[in-house]
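Each chain, written out:
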Amino acid sequence: MPALAALVVVTLVHLAAQGVAPGGVLADLTQVLLMPVLAWLLWTTTPDPKSQLARLALAALGLSWLGDTLPRFFDDGSDAGFWAMVVPFLLAQIAYAAAFLPFVDRSIARTRPVLVAPYVVAMIAVLVFTAPRTGAIWPVLVYGAAIVTMAVLATGLDRVATIGAVVFLVSDGLIALRTFGGVELPLHSVLVMLTYVFAQFLLVASIAHHDRAARPLRG
């Protein structure tokens, strides 16, 4: 499958570049290719006409691409660059949440509400840890609420989507810890991008599987 092969190659090159020269030309170039390749994979593995689930997922991938790309047009560490990253990713989480909303009756929000608690606790833990270094807590709170909502709704699709959403939480948590908490783990950028790509891949794989099961690909 060409799209999957391209994703593997671009991801491996990007992770290697992040490990050797984070923020370098090769790392930047491959990062902005990741979401288009994932969108290609989703497009070619879902039947036509595209379902609402697939269309919203494609929108989420497009918004994620904007979040990867737009900050590069601003000075490092600037407020404008920060918002150019946060706003598209916030909208991407909303798009994913909207995609998973039709499955809410199968999600833990309806079937086992007590399991929502760990998601909320994780968000609160990140907020508490980062609060002393955060000038305004509300952006982290709003974004945290959006991704937790997405992750809870993802449980209504299947186990793969559930794992993907949880890994997405981990990736964004790593970003928050570095940006607001001053925590820098060894190979931090590699860990962020590895979990980010893996999370998005699992969500795409789950959505494609669901759509193929509902309407097999033609030809």
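First, a word on scope: everything that follows refers to the structure included in this document.

Definitions and cut-offs
Residues numbered from 1 in each chain as written. Predicted model: local features only at pLDDT ≥ 70, side-chain atom pairs only at ≥ 80, totals over all residues. Heavy atoms only, no water. Salt bridge = Lys/Arg side-chain N within 4 Å of Asp/Glu carboxyl O. Helix = DSSP H or I, 4+ residues; strand = E, 2+ residues; numbered from the N terminus. Buried < 20%, exposed > 50% of the residue type's maximum accessible area, 1.4 Å probe, protein only. Axes fitted to C-alpha atoms, helices over the stretch in contact; angles between N-to-C directions. Parallel < 35°, antiparallel > 145°, perpendicular 65-115°, else oblique. Left-handed = near helix turned anticlockwise from the far one by under 90°. Contact = heavy atoms within 4.5 Å.

1. Some details on the pattern of salt bridges
Overall, the coordinates contain four salt bridges when judged by the stated rule. Of the charged contacts, one joins arginine 72 and aspartate 28 as a salt bridge, the two residues approaching to 2.6 Å between their closest N and O atoms. Residue arginine 72 is located in the loop between helix 3 (52-69) and helix 4 (79-100), and its partner aspartate 28 is located in helix 2 (residues 25-44); the two are separated by 44 residues in the primary sequence. Owing to a relative accessible area of 33%, arginine 72 belongs among the partly exposed residues under this scheme. In this structure aspartate 28 comes out as partly exposed when scored by relative accessible area, which is 25%. A salt bridge links lysine 50 to aspartate 48, with the nearest nitrogen and oxygen atoms 3.1 Å apart.

2. Overview of the packing of helix 1 (residues 2-20) against helix 2
Contact pair helix 1 / helix 2: the axes reach a minimum separation of 9 Å and the direction vectors enclose 160°. If you check the angle between helix 1 and helix 2, you find them roughly antiparallel. Considering the relative orientation of helix 1 and helix 2, their crossing is left-handed. Side by side, helix 1 and helix 2 meet where Pro2, Ala3, Leu4, Ala6, Leu7, Val10, Thr11, Val13, His14, Ala17 and Gln18 of the first sit next to Leu26, Ala27, Thr30, Gln31, Leu33, Leu34, Val37, Leu38, Trp40, Leu41 and Thr44 of the second.

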